[in-house]
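Here is what each chain is made of, one letter per residue.
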Amino acid sequence: LVAGRAAPRIRVRESAQITLAGAAATRVLPTAGAGGAALTLWALRRAGLGARSAAHTLLVFLVLLYAVFLASIALAGAALALGMTGSHGPLALSALPAAVAIAGIALALALGRRSRTSARRATERLMTEPEPRQPSRLTRATRLLGEAVSDAIRLVRRGEPGLAGAVVYWLLDAAVLWSMLHAFGAPPAVPVVVLAYFVGQVANTLPLPGTVSGGIAGVLLAFGVPAGLALPAVLAYRTIAVWLPTPVAIAALPSLRSTIACWRREDDLR
C-alpha cells in the first residue's frame, strides 16, 4: 500500500520479495530491524525513488507499523496498571511502558501537526525571501518524520483496507507466543502476554543475542508466570516465529536481485 503509491513498480510480488529479503537482513543485523530497513531503503531506491522520497516512503510504513506497537503497549500497560485484568505484577513495569508509549504517540502527532505548519511557512518564505536559509540537518530530519506522520494519518482517515496488515502482522506474531504458552501450560491474561511480547521486542534494539527472549521471559516472570512455563514457551516462540521462516526469507534474496536487475534493464532501454 505505502510503497506502491510512491513507486508503481512495487506491486504485491515485489512487496513480498522486499519484505522477506528484509527479514533475512534483520536476522543478520538484529538491531531494531536496521538490516531490514536498510535493505528496504535500497530496494526503494532501485525502484526509481530519490533518496528523500525513498526515506519518506519507508518512514510512512514504519509509522503505521509501530503505531500499532505503541498503542498495544499503552492499552495493555494501562489495563494492568489499573488492575482491570486481575493479574498482579510490578506497577512500574506496566505503568512506565504505557506512559512512554503514550508520550511517543503524542510526540509523533505533534511532529505531524508541526510539519503542516512548517510547510506553510516554507512556502511563505519562498515567496518573500530571494534566498531563504537552509535548515539544519536535524530540522530536515524532524520535518521528514513529521511529513511521514501526516501522510500516515491521511491514509488512516481514508480507511485504506491494506492498513489492516499492520495490525495482523503484530497480532499473528504475538499469537505464536500465546500458543506456546498454551502448549506448555496455562497462559496468563492476554494483557500480560501482550505487554511481555511488545516490551520484550524493545530489547531488540540491543545488538546482543537472546535479548528479545530474555526481555519477554523477564516480563512474564515478573507477572508471576512460572519459570517452567515462561522459559520453554519463549524459546519455542522464537524458534517458530523467527527461525522457521528464515529459509523462505533467504530464498527471497535471489528473487529480489532478479527483479532489481530487470528494473535496471528497463531503465537502460529508456
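Remember, it's a predicted structure, so these values are computed and weren't measured experimentally.

### Considerations on the side chain of His56
And step 1. Turning to its location among the elements, His56 is positioned in helix α4 (residues 51-81).
And step 2. Residue His56 is classed as buried on the basis of its relative accessible area, which comes to 17%.
And step 3. In terms of polar contacts, His56 uses its side chain to reach the side chain of Asp151, at 3.2 Å.
And step 4. Ignoring any residue separated from it by four or fewer positions in sequence, one finds His56 in contact with Leu144, Glu147, Ala148 and Asp151.

### What about the confidence of the model for the protein chain?
And step 1. When pLDDT is averaged along the protein chain, the result is 87; 89% of the residues meet or exceed 70.
And step 2. Considering each helix and strand of the protein chain separately, the mean pLDDT is smallest for helix α5 (residues 91-128), with a value of 79, and largest for helix α7 (residues 164-184), with 95.

### Details of a positive patch on the surface
And step 1. Positive charge collects at one region of the surface, where Arg45, Arg46, Arg257, Arg264 and Arg265 lie side by side.
And step 2. Among the secondary structure elements, those contributing two or more residues to the positive patch are α3 (34-46) and α11 (246-269).
And step 3. With 3 residues, the top contributor of residues to the positive patch is α11.
And step 4. Considering the arrangement of structural elements, one finds Arg46 in helix α3.

About the criteria used
- Residues numbered from 1 in each chain as written.
- Predicted model: local features only at pLDDT ≥ 70, side-chain atom pairs only at ≥ 80, totals over all residues.
- Heavy atoms only, no water.
- Helix = DSSP H or I, 4+ residues; strand = E, 2+ residues; numbered from the N terminus.
- Buried < 20%, exposed > 50% of the residue type's maximum accessible area, 1.4 Å probe, protein only.
- Polar contact = N/O pair within 3.5 Å; in protein donor to acceptor, adjacent residues only side chain to side chain.
- Contact = heavy atoms within 4.5 Å.
- pLDDT = per-residue confidence, 0-100.
- Patch = residues over 30% accessible without salt bridge, like charges linked within 9 Å, V, L, I, M, F, W, Y side chains within 5 Å.
- Areas by Shrake-Rupley, 256 points an atom, 1.4 Å probe, with all protein chains shown as cover.
- Salt bridge = Lys/Arg side-chain N within 4 Å of Asp/Glu carboxyl O.
- Lys, Arg positive; Asp, Glu negative; His and termini not counted.
- Charge placed at Lys NZ, Arg CZ, Asp CG, Glu CD.

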